Amino acid sequence: MKIMVAGPVGVGKTSLIYALKKINSAARKTQAIAFIGDAIDTPGEYAQIPRFYSALMVTSLEAEVVLLLSDAADPAVTLPPNFAGMFARPIVGVVTKIDLPCADPAKAESRLRQAGVTAEVFPVSTLSGEGIDALYQFLKERRCDL
Ligand SMILES: Nc1nc2c(ncn2[C@@H]2O[C@H](COP(=O)(O)OP(=O)(O)OP(=O)(O)O)[C@@H](O)[C@H]2O)c(=O)[nH]1
Ligand SMILES: [Mg+2]
């Protein structure tokens, strides 16, 4: 099963794919939709600029699960209400950067809920590794290829 990651610029999408795949490399800005093995990485602009939404929607059909990310340390709301509803795929929420001192994971989760995430939300840090195993196990149980 394939995953796709989506969410605002700099939220940590590429870093999360690297962490799940145990790729020891620093993420660089994602310029275009890219496959990292089976996982689909998307540029943050695609989640923030409405004219890119259709590309995100079509690409999500290649995946079986969409991970929608929200930054625990960024208070700005950047996803529109019910953004998750555009994907005809199960959505899993991920709150990123929980290691940062200013992180507010509960607020980030509520932003995901406002964006229409109704199922699981996993708090993670790719820096400390916290939460990565739990998300990895969850995806494996769903038979996602990682
Ligand atoms: N402290 C901390 N920093 C993180 C974490 N995850 C990612 N970052 C940092 O956040 C920045 C952006 O990470 P990326 O993985 O490139 O973010 P992205 O969502 O792929 O960004 P775009 O490709 O521009 O859409 C990088 O400097 C990462 O090192 C985390 O869990 N904790
Ligand atoms: Mg990226």
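Model, not experiment: these values are computed from the prediction. (Residues numbered from 1 in each chain as written. Chains lettered and ligands numbered in written order. Predicted model: local features only at pLDDT ≥ 70, side-chain atom pairs only at ≥ 80, totals over all residues. Heavy atoms only, no water.)

Student: Describe in detail the coordination of the magnesium ion (ligand 2), supporting the description with residues and values.
Tutor: Every protein donor of the magnesium ion (ligand 2) is listed here as T14 (OG1) and T30 (OG1), and their distances to the metal cover 2.0 to 2.1 Å. Linking T14 in helix 1 (residues 13–20) with T30 in the loop between helix 1 and strand 2 (34–36), this pair joins segments that are 16 residues apart in sequence. Among the residues examined, T14 registers a relative accessible area of 9% and is labelled buried. On the basis of relative accessible area, T30 is assigned to the buried category, the value being 13%. (Donors = N, O, S within 2.8 Å, 3.2 Å for Na, K, Ca; no water. Helix = DSSP H or I, 4+ residues; strand = E, 2+ residues; numbered from the N terminus. Buried < 20%, exposed > 50% of the residue type's maximum accessible area, 1.4 Å probe, protein only.)

Student: Summarise the nonpolar core; cite the residues concerned and give the values.
Tutor: M4, L68, F83 and F87 are the most contacted members of the largest nonpolar core, which has 24 residues in total. Within the residue set of this core, elements represented by two or more residues are strand 1 (3–6), helix 2 (45–48), helix 3 (53–60), strand 4 (65–71), strand 5 (91–96) and helix 4 (105–114). In this view, L68 contacts A6, G7, L79, F83, A84, I91, V92, G93, V94, L112 and V117; residues no more than four positions away in its chain are not counted. In terms of nonpolar packing, the next biggest core, distinct from the first, is built from 22 residues, Y18, V65, L67 and I132 among them. (Core = buried A, V, L, I, M, F, W, Y, C linked by side-chain atoms within 4.5 Å. Contact = heavy atoms within 4.5 Å.)

Student: Tell me about the site of ligand 1, residues and numbers included.
Tutor: Around ligand 1, the surrounding shell holds 19 residues, and the nearest of these are K13, S15, K29, G44 and D99. Between ligand 1 and V11 there is a distance of 3.3 Å, counted from an oxygen atom to a backbone nitrogen or oxygen. With the chains in place, 78% of the 650 Å² that ligand 1 exposes on its own is no longer accessible. In the shell around ligand 1, the residues fall into seven nonpolar, eight polar and four charged. (Near = heavy atom within 4 Å. Polar contact = N/O pair within 3.5 Å; in protein donor to acceptor, adjacent residues only side chain to side chain. Areas by Shrake-Rupley, 256 points an atom, 1.4 Å probe, with all protein chains shown as cover. Nonpolar A, V, L, I, M, F, W, Y, C, P; charged D, E, K, R; others polar.)

Student: Go over the pairing of strand 5, please, and point to the residues and values.
Tutor: Buried residues dominate strand 5, accounting for six of its six residues. Here six bridges tie strand 4 to strand 5, and the two strands are oriented parallel to one another. Paired with S70 across the strands is V95, a residue of strand 5. Both strand 5 and strand 6 (residues 121–123) contribute to a ladder of three bridges, which runs parallel. (Pairing = 2+ DSSP bridges.)

Student: Could you give an account of the pattern of salt bridges, with specific residues and numbers?
Tutor: Summed over all chains, the structure comprises five salt bridges. Among the salt bridges present, the one from K29 reaches E45, with a minimum N-O distance of 3.2 Å. Of this pair, K29 sits in the loop between helix 1 and strand 2 while E45 sits in helix 2, and the two are 16 residues apart along the sequence. When its relative accessible area of 45% is taken as the criterion, K29 is described as partly exposed. The class for E45 is partly exposed, based on a relative accessible area of 24%. (Salt bridge = Lys/Arg side-chain N within 4 Å of Asp/Glu carboxyl O.)

Student: A description of the side chain of T42 should follow, citing residues and the corresponding values.
Tutor: Mapped onto the secondary structure, T42 falls in the loop between strand 3 (39–41) and helix 2. Here T42 falls in the buried class, since its relative accessible area comes to 1%. Here V5 takes part through its backbone oxygen, which lies 2.6 Å from a polar atom of the side chain of T42. Beyond its immediate stretch of four places on either side in the chain, T42 contacts M4, V5, A6, K13, T30, I33 and L56.

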